[in-house]
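For reference, the chains in residue letters:
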Amino acid sequence: MGRQDVPDGDPFTTVIGQYDNWYPCPDTATVDHHLVELARRIGQAGRRFPKLAEAYRADMDLLLDRRSWLSMLEEESASEAA
């Protein structure tokens, strides 16, 4: 799956993770929701499925990068409005 094949999502605001997991990320609140869900999944995968937990951690890294970018844009927008 490539960026152009994101089902029902904007290819410019969607993060594609391991195993072709896709996460629509139009704003920081949505990214935060994905991060919380992945943390829950990591806890469930635990020691039984270490490769799956590792993939979820890699997805979290990508989402944190997206969150940093969105935060920077939100700060710029707020400073321009002030």
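A few points on the structure.

So, the nonpolar core
Counting residues in each nonpolar core, the largest one holds 13 residues, and the members touching the most others are Y23, C25, V31, L38 and L63. In contact with V31, not counting residues within four places along its chain, are C25, L63, R66, R67 and L70.

Focus on the pattern of salt bridges
Throughout the structure, instances matching the rule amount to 3 salt bridges. A salt bridge links R67 to D32, with the nearest nitrogen and oxygen atoms 2.5 Å apart. Of the two residues, R67 sits in helix 2 (residues 50-81) while D32 sits in helix 1 (residues 28-45), which places them 35 residues apart along the sequence. On the accessibility criterion, D32 (28% relative accessible area) is partly exposed. A salt bridge links R40 to E37, with the shortest nitrogen-to-oxygen separation between them at 2.2 Å. With a gap of 3 residues between them, R40 and E37 both fall in helix 1, about one helical turn apart. Among the charged side chains, a network of salt bridges with common partners joins E37, R40 and R41.

Cut-off values and rules
- Residues numbered from 1 in each chain as written.
- Predicted model: local features only at pLDDT ≥ 70, side-chain atom pairs only at ≥ 80, totals over all residues.
- Heavy atoms only, no water.
- Core = buried A, V, L, I, M, F, W, Y, C linked by side-chain atoms within 4.5 Å.
- Buried < 20%, exposed > 50% of the residue type's maximum accessible area, 1.4 Å probe, protein only.
- Contact = heavy atoms within 4.5 Å.
- Salt bridge = Lys/Arg side-chain N within 4 Å of Asp/Glu carboxyl O.
- Helix = DSSP H or I, 4+ residues; strand = E, 2+ residues; numbered from the N terminus.

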